[in-house]
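# Structural characterization, general
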Amino acid sequence: MVMHYRSLVRSSAKSLQLFSCSRDCSSYVSRMRYLMRLKEDDEACRRALQSGNVLLYHKLAPLLRQQQKGIYQLKVLQATDVKGILGKLGKDEQLLNTSVLIGCSDGDIAQFSLDVGCLEKDAVEEMCGGVFTDLRKAFFLLEQPDTPLVTKGQALLRWHQTHAYCSASGEPTQSNQAGSQRVCLTNGATYYPQMAPVVIVLVSDGRRCLLARQSTFPQGMYSALAGFCDMGEVMEETLRREVAEEVGLEVESMQYSSSQHWPFPQSSFMVACHATISPDNAEINLNGAELEDARWFTLEEVEDALKRKPLPRSVKGEPTAFWVPPSYAIANKLIREWVNQQKKP
Ligand SMILES: NC(=O)c1ccc[n+]([C@@H]2O[C@H](COP(=O)([O-])OP(=O)(O)OC[C@H]3O[C@@H](n4cnc5c(N)ncnc54)[C@H](O)[C@@H]3O)[C@@H](O)[C@H]2O)c1
Ligand SMILES: [Mg+2]
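Please read all numbers here as calculations on a predicted model, not as lab measurements.

### Concerning the overall build of the protein chain
For the protein chain, the count of helices and strands is 11 helices and 16 strands. Its C-alpha atoms put the protein chain at 70 × 45 × 45 Å along the principal axes. In the protein chain, which comprises 345 residues, the share counted as buried stands at 46%. With the model as given, the accessible surface of the protein chain reaches about 18500 Å², and the carbon-plus-sulfur share is 51%. Here the protein chain contributes 38 positive and 40 negative side-chain charges, whose respective centroids are spaced 7 Å apart.

### Observations regarding the coordination of the magnesium ion (ligand 2)
Bound to the magnesium ion (ligand 2) are the protein donor atoms Ala226 (O) and Glu246 (OE), situated 2.1 to 2.2 Å from the metal. Here Ala226 is found in strand β13 (residues 225–228), whereas its partner Glu246 is found in helix α9 (residues 235–247), with 20 residues between them in sequence. On the basis of relative accessibility, which here comes to 3%, the residue Glu246 falls in the buried class.

### Here's the deal with the pairing of β13
Where burial is concerned, the two faces of β13 differ: the one with Leu225 and Gly227 is buried and the one with Ala226 and Phe228 is not. Of the strand pairs in this sheet, strand β11 (residues 196–204) and β13 are connected by four bridges, and their pairing is antiparallel. Each residue of the ladder has a partner; that of Ile200, found in β13, is Ala226.

### Thoughts on helix α4 (residues 42–50)
All of the buried residues in α4 are Ala44, Cys45, Ala48 and Leu49. Buried residues of α4, viewed axially, fall in a sector of 140°; they line one side.

### Brief notes about the confidence of the model for the protein chain
With 90% of its residues at a pLDDT of 70 or more, the protein chain shows a mean pLDDT of 90. Residue range residues 1–25 is modelled with pLDDT below 50. Its contacts to residues more than four positions away, or to other chains, number 29 contacts. As scored by the predictor, the complex reaches a pTM of 0.88 and an ipTM of 0.96.

### A look at the site of ligand 1
Around ligand 1, the surrounding shell holds 20 residues, and the nearest of these are Gln214, Ala226, Phe228, Glu246 and Ala331. Phe228 has a polar backbone atom sitting 2.9 Å from an oxygen atom of ligand 1. Between ligand 1 and Glu246 there is a distance of 2.7 Å, counted from an oxygen atom to a side-chain nitrogen or oxygen. Burial of ligand 1 by the protein chains amounts to 62% of its free accessible area of 850 Å². Breaking the shell around ligand 1 down by element, the ones donating at least two residues are β11, β13, α9, β14 (253–262), β15 (268–276) and α11 (330–343). Among the residues forming the shell around ligand 1, the class breakdown is 12 nonpolar, five polar and three charged.

### Points about the packing of helix α3 (residues 28–40) against α4
When two helices pack together, their arrangement is captured by the angle between the axes and the distance separating the axes. Where α3 meets α4, the closest approach of the two axes is 5 Å, and the angle between their N-to-C directions is 115°. If you check the angle between α3 and α4, you find them roughly perpendicular. Contacts between α3 and α4 involve Tyr34, Arg37, Leu38 and Glu40 on the former and, on the latter, Asp42, Ala44, Cys45 and Ala48. The class makeup of the residues in the contact of α3 with α4 is five nonpolar, no polar and three charged.

### Quick notes on the packing of aromatic side chains
Per the stated rule, a full pass over the model turns up nine aromatic pairs. Both rings, one in Phe139 and one in Tyr328, keep their centres 4.5 Å apart while their planes meet at 75°; by these two values the pair is edge-to-face. With Phe139 in helix α7 (residues 135–141) and Tyr328 in the loop between α10 (299–307) and α11, the pair connects residues that are 189 residues apart, well separated along the chain. Residue Phe139 is classed as buried on the basis of its relative accessible area, which comes to 6%. Take Tyr328: its relative accessible area is 11%, and that puts it in the buried class. Grouping aromatic residues by their ring pairs yields a cluster made of Phe139, Phe140, Trp262, Phe264 and Tyr328. The residue whose ring lies beneath Arg136 is Phe264, and the NZ or CZ to ring-centre distance is 3.9 Å.

Parameters at a glance
- Residues numbered from 1 in each chain as written.
- Chains lettered and ligands numbered in written order.
- Predicted model: local features only at pLDDT ≥ 70, side-chain atom pairs only at ≥ 80, totals over all residues.
- Heavy atoms only, no water.
- Helix = DSSP H or I, 4+ residues; strand = E, 2+ residues; numbered from the N terminus.
- Buried < 20%, exposed > 50% of the residue type's maximum accessible area, 1.4 Å probe, protein only.
- Areas by Shrake-Rupley, 256 points an atom, 1.4 Å probe, with all protein chains shown as cover.
- Lys, Arg positive; Asp, Glu negative; His and termini not counted.
- Charge placed at Lys NZ, Arg CZ, Asp CG, Glu CD.
- Donors = N, O, S within 2.8 Å, 3.2 Å for Na, K, Ca; no water.
- Pairing = 2+ DSSP bridges.
- Arc of directions from axis to C-beta.
- pLDDT = per-residue confidence, 0-100.
- Contact = heavy atoms within 4.5 Å.
- Near = heavy atom within 4 Å.
- Polar contact = N/O pair within 3.5 Å; in protein donor to acceptor, adjacent residues only side chain to side chain.
- Nonpolar A, V, L, I, M, F, W, Y, C, P; charged D, E, K, R; others polar.
- Axes fitted to C-alpha atoms, helices over the stretch in contact; angles between N-to-C directions.
- Parallel < 35°, antiparallel > 145°, perpendicular 65-115°, else oblique.
- Phe/Tyr/Trp six-rings, centres within 6.5 Å; stacked < 30°, edge-to-face > 60°.
- Lys NZ or Arg CZ within 6 Å of the ring centre and 35° of its normal.

Have a look at this one:
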């Protein structure tokens, strides 16, 4: 299989086409190497774009379509459809070439994202039969499997929109066809899309878990503690420092759970962990500059919160009931893992 692939990538466009069509090349490894090739070879990527799938965004809001009442899907267009839309709106087809590569479908079709913020939003929506939707709202509407692709598409487009100039020379940078890097036209400096590493941690004293809220959170929502890694820090150091800074507690042990790309407000690479502190030293000393509140919650309270919908309505005169981030946020996964762990005999 590997030999088969190598012989294909070494050769011409014709064989690349063969590769992308071949049924026996649809394994994960082949797809990843196909994507690697497209990132390195502008010409091959341009060709893949002509027959690729495109997710449209308008000023970073992805295009969704309503499948049935209340059920939404990503609206995936073919590159030829996009060209047709551009033509009808009197725009240059070259706009399609600003698409960035975001993946490869199981059927070996290259997937791209394109921001058409320069076009009239309503006109594109009407032609596509879709609606451009703020990404946070889209997260609530979409099925879970669609969210990583739509997030990646937005994050990569945002990075290009904010890295048009070299920070050393001040001159324009130019993207490669795939959008996997930008190069300064005068000094050759190369820039790659970046994510800021963040540690998110659910602290437990063995019986309760600690959740906190910032003043900017929606009313009633509490989440796990989180913090950006300082330059040179390893994950364990960030975790201990953030818990100490934000709630004045000393972590005794920690365990990695999982990770997530988080697009808000800009791309973060979230590393999710569980941590324990001693129940003898569990008094919270809140850093009021960062957090509005932090509290210990019992298993029952957390289980009730998991059942609540986001932003539960408050009964007049009563505070809004406590709730936790929705399932697409990795904080929710940490909280569920903790609940399951507590319920183990
Ligand atoms: N997916 C989830 O479940 C989830 C849950 C909680 C928080 N988060 C995300 O985690 C991230 C970090 O959480 P936090 O706000 O508590 O971090 P934090 O505690 O480190 O505090 C934020 C502050 O850190 C500073 N900072 C340092 N490096 C930064 C960088 N690269 N980008 C931005 N600010 C930087 C800024 O002064 C900023 O105000 C946020 O982007 C938040 O959206 C995600
Ligand atoms: Mg924080």
